[in-house]
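# Working through the structure, step by step
Here's the letter readout for the chains.
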Amino acid sequence: MIDGVEVKPAARTDAEVLALTTAQQAELAALYGEDQPIVDLHPDIEFIVLRVDGAAVGCVGLQPISPGLGEIKRMYVEPSSRGWGLSRLLLAEVESLALVQGLTTLRLETGTRQHEAIGLYTRHGYLPTPPYPPFENETVSRCFAKQLG
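Here's what I pulled together on the structure shown here.

What counts, and where the lines are drawn
Residues numbered from 1 in each chain as written. Predicted model: local features only at pLDDT ≥ 70, side-chain atom pairs only at ≥ 80, totals over all residues. Heavy atoms only, no water. Helix = DSSP H or I, 4+ residues; strand = E, 2+ residues; numbered from the N terminus. Rg over C-alpha atoms; globule rule 2.2 N^0.38 Å. Buried < 20%, exposed > 50% of the residue type's maximum accessible area, 1.4 Å probe, protein only. Contact = heavy atoms within 4.5 Å. Areas by Shrake-Rupley, 256 points an atom, 1.4 Å probe, with all protein chains shown as cover. Lys, Arg positive; Asp, Glu negative; His and termini not counted. Charge placed at Lys NZ, Arg CZ, Asp CG, Glu CD. Core = buried A, V, L, I, M, F, W, Y, C linked by side-chain atoms within 4.5 Å.

Turning our eyes to something else, we now look at the overall build of the protein chain. Counting its secondary structure elements, the protein chain contains three helices and seven strands. Along its sequence from the N terminus, the protein chain presents helices and strands in the succession β-α-β-β-β-α-β-α-β-β. A compact globule built from 149 residues would reach a C-alpha radius of gyration of about 15 Å, and the protein chain, at 14 Å, matches this within 12%. Taken along the three principal axes of its C-alpha coordinates, the protein chain extends 40 × 35 × 30 Å. A total of 149 residues make up the protein chain; the buried ones form 43% of that total. Considering only intrachain contacts with a sequence separation of at least 6, the fraction spanning at least 24 residues in the protein chain is 65%. A total accessible area of about 7,900 Å² is found for the protein chain, and carbon and sulfur atoms account for 54% of it. Between the centroid of the 12 positive side chains of the protein chain and the centroid of its 19 negative side chains there is a distance of 4 Å.

Shown next as structure tokens:
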């Protein structure tokens, strides 16, 4: 573990969450264009913010979908903090939170140009699944799911 790393829960309206998710959405727009679907976040979404030496450098959201099913949303580590294993830490934290909430399956959507993300998820047991709404007609979308526990 990297010295000075902490993870804390945060509301979706938290300034750090908003800054990180705005940066994530801008990065996706640069990769895929502005016409990609923007999915509204559920009011009950819970975020985890990752800080290094007090600076917020990453986040991940856990959105409830239905009993037993949650979705990973807006997972992001700022570019200057990549390569340290922080995304693995965020993924472990969101999976732990899901289990505490009684969720047995997590799903997510990522894109074909996000090779590092696809590698991360597949290395950690996420399996490809058919696209779910609103991604079923998005040719650049790749969906994955994992049974927890």
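Take unusual backbone geometry next. Following Pro133, the chain continues to Pro134 via a peptide bond in cis, the omega torsion being 10°. You can see Pro134 is positioned in the loop between strand 6 (127–129) and strand 7 (141–147). In this structure, Arg74 takes a positive phi of about 55° despite not being glycine. With respect to the helices, strands and loops of the structure, Arg74 is situated in strand 4 (residues 69–77).

Another aspect to go through is the nonpolar core. Counting residues in hydrophobic clusters, the biggest one holds 26 residues, and the most contacted among them are Leu50, Ile72, Met75, Leu91, Tyr121 and Tyr126. Residue assignment for this core shows that the elements contributing at least two residues are strand 2 (46–52), strand 3 (55–66), strand 4, helix 2 (86–100), strand 5 (105–111) and helix 3 (115–123). By residue number, the principal contributor to this core is helix 2, which donates seven residues. When neighbours within four sequence positions are excluded, Met75 is seen to be in contact with Gln24, Cys59, Val60, Ser87, Leu90, Leu91, Leu120 and Tyr121.

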